[in-house]
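Take a look at the letters that make up each chain.
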Amino acid sequence: DSGVTQTPKHLITATGQRVTLRCSPRSGDLSVYWYQQSLDQGLQFLIQYYNGEERAKGNILERFSAQQFPDLHSELNLSSLELGDSALYFCASSVDERGYNEQFFGPGTRLTVL
Amino acid sequence: AQSVTQLDSQVPVFEEAPVELRCNYSSSVSVYLFWYVQYPNQGLQLLLKYLSGSTLVKGINGFEAEFNKSQTSFHLRKPSVHISDTAEYFCAVGLDSWGKLQFGAGTQVVVTP
């Protein structure tokens, strides 16, 4: 158990819909990272937040957005969902803004878009 | 631009045999390299990392990796594998100074008795 929690574990929805994925980092960690893992794209970095502020952006679509709240939990919002958004979404956390200290990964949320 | 290539998509290996997983990178900036492992139905876990210093890096569970700057490689090795090492292994390179990682496609290791 990494100490990072993600909810829900599984999510099934339809095209065009909007969903919110939630992540609670390890106690004391200030950075949260979001990753997407799919069969065709592999594991891709989406976005990083540090202490409530966006720190780095990766291959995140404009239909996707994220935020980190004052209690440090983070949410990833996916809208106008397409079939290709079906993937495993991981959240990771690290103690500071430099993710080269170990990133601790949650168990993931499996999103299926029908 | 940085990128990482894992040369083998799947590596079958017998229990107690050695294993080597190959990773090559390209980077135009300082090199930060990582190996993560993903056990079935779990998130990723850090095995080891190279940030600077000794080119031979020792990690958890008996794994080690060697940073070779001239060959732009960071191969992962274990002298004797267990059934429990069956997992997917990801090599990653740091894309900036903050912690943004680019992962390779992964190598599936299947250990059989």
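All figures in this text were calculated on a predicted structure; none of them were measured in a lab.

Visitor: Now, about the overall build of chain B: what can you tell me, with residues and values included?
Guide: Looking only at helices and strands, chain B features zero helices and 12 strands. Listed N to C, the secondary structure of chain B is β-β-β-β-β-β-β-β-β-β-β-β in terms of helices and strands. Taken over the C-alpha trace, chain B has a radius of gyration of 13 Å; the compact-globule value for 113 residues is 13 Å, and the two agree within 12%. Projected onto the principal axes, the alpha-carbon positions of chain B cover approximately 45 × 30 × 20 Å. Within chain B, the proportion of its 113 residues that are buried is 46%. Element-wise, carbon and sulfur atoms account for 51% of the exposed surface of chain B, whose accessible area totals about 5,300 Å².

Visitor: Got a sec to walk through the pairing of strand 5 (residues 33-38) of chain B? Specific residues and values, please.
Guide: Side chains on a regular strand alternate between the two faces of the sheet. Residue and element names in this part refer to chain B. For strand 5, the buried fraction is high: six of the six residues fall into the buried class. Side-chain alternation along strand 5 places Leu33, Trp35 and Val37 on one buried face and Phe34, Tyr36 and Gln38 on a second face that is also buried. Of the strand pairs in this sheet, strand 5 and strand 6 (residues 44-50) are connected by six bridges, and their pairing is antiparallel. Within strand 6, the residue paired with Trp35 across the bridge is Leu48. Where strand 5 folds back onto strand 6 in an antiparallel hairpin, the turn is made up of five residues, including Asn41, whose phi is positive at roughly 60°. Looking at chain direction, strand 5 and strand 10 (residues 87-94) are connected through six bridges and run antiparallel. Each bridged residue has a counterpart across the sheet, and for Trp35 the counterpart in strand 10 is Cys91.

Visitor: Can you lay out the state of the cysteines for me, pointing to particular residues and giving the numbers?
Guide: Inspection of every chain in the model, using the stated rule, returns two disulfides over all chains. The disulfide partner of Cys23 of chain A is Cys91 of chain A, and the S-S distance across this bridge is 1.7 Å. On the sign convention where negative is left-handed, the bridge of Cys23 of chain A and Cys91 of chain A, at about -45° about the S-S bond, is left-handed. Of this pair, Cys23 of chain A sits in strand 3 (residues 19-24) while Cys91 of chain A sits in strand 9 (residues 87-94); the two residues are 68 residues apart in sequence, bridging distant segments of the chain. There is a disulfide in this structure between Cys23 of chain B and Cys91 of chain B, and the S-S distance comes to 1.9 Å. Classification of the bridge connecting Cys23 of chain B and Cys91 of chain B rests on its S-S torsion, roughly -65°, and on that basis the disulfide is left-handed. Highlighted residues: Cys23 of chain B in strand 4 (residues 23-26) and Cys91 of chain B in strand 10, separated in sequence by 68 residues. Taken as a pair, Cys23 of chain B and Cys91 of chain B share a single burial class, namely buried.

Visitor: Lay out the interface of chain A and chain B in plain terms, naming residues and giving numbers.
Guide: Listed per partner, the contact involves 20 residues of chain A and 20 residues of chain B. For the pair chain A and chain B, the two sides together bury roughly 1,700 Å², of which 57% comes from carbon and sulfur. Interface area lost by chain A to chain B is led by Leu43, Tyr100 and Phe105 of chain A, which between them contribute 41%. At the junction of chain A with chain B, the criterion picks out zero salt bridges. Our enumeration of links across chain A and chain B arrives at two residue pairs in polar contact (both at pLDDT 80 or more). When residues of the side of chain A that touches chain B are traced back to their parent elements, those giving at least two are strand 4 (31-38), strand 5 (42-50), strand 6 (53-57) and strand 9 of chain A. Residues belonging to the side of chain A that touches chain B are distributed by class as follows: 10 nonpolar, six polar and four charged.

Visitor: Explain the nonpolar core to me, using residue names and the numbers behind them.
Guide: Counting 28 residues, the largest nonpolar core has Trp35, Leu48, Phe74, Leu76 and Tyr89 of chain B as the members making the most contacts within it. It is strand 10 of chain B that provides the largest number of residues to this core, a total of four residues. Residues Ile60, Leu76, Leu81 and Tyr89 of chain A belong to the second largest nonpolar core, which totals 21 residues.

Cut-offs and rules
- Residues numbered from 1 in each chain as written.
- Chains lettered and ligands numbered in written order.
- Predicted model: local features only at pLDDT ≥ 70, side-chain atom pairs only at ≥ 80, totals over all residues.
- Heavy atoms only, no water.
- Helix = DSSP H or I, 4+ residues; strand = E, 2+ residues; numbered from the N terminus.
- Rg over C-alpha atoms; globule rule 2.2 N^0.38 Å.
- Buried < 20%, exposed > 50% of the residue type's maximum accessible area, 1.4 Å probe, protein only.
- Areas by Shrake-Rupley, 256 points an atom, 1.4 Å probe, with all protein chains shown as cover.
- Pairing = 2+ DSSP bridges.
- Disulfide = S-S within 2.5 Å.
- Contact = heavy atoms within 4.5 Å.
- Buried area = accessible area lost by both parts, 1.4 Å probe.
- Salt bridge = Lys/Arg side-chain N within 4 Å of Asp/Glu carboxyl O.
- Polar contact = N/O pair within 3.5 Å; in protein donor to acceptor, adjacent residues only side chain to side chain.
- Nonpolar A, V, L, I, M, F, W, Y, C, P; charged D, E, K, R; others polar.
- Core = buried A, V, L, I, M, F, W, Y, C linked by side-chain atoms within 4.5 Å.

Keep in mind these numbers describe shape, not what the thing actually does.
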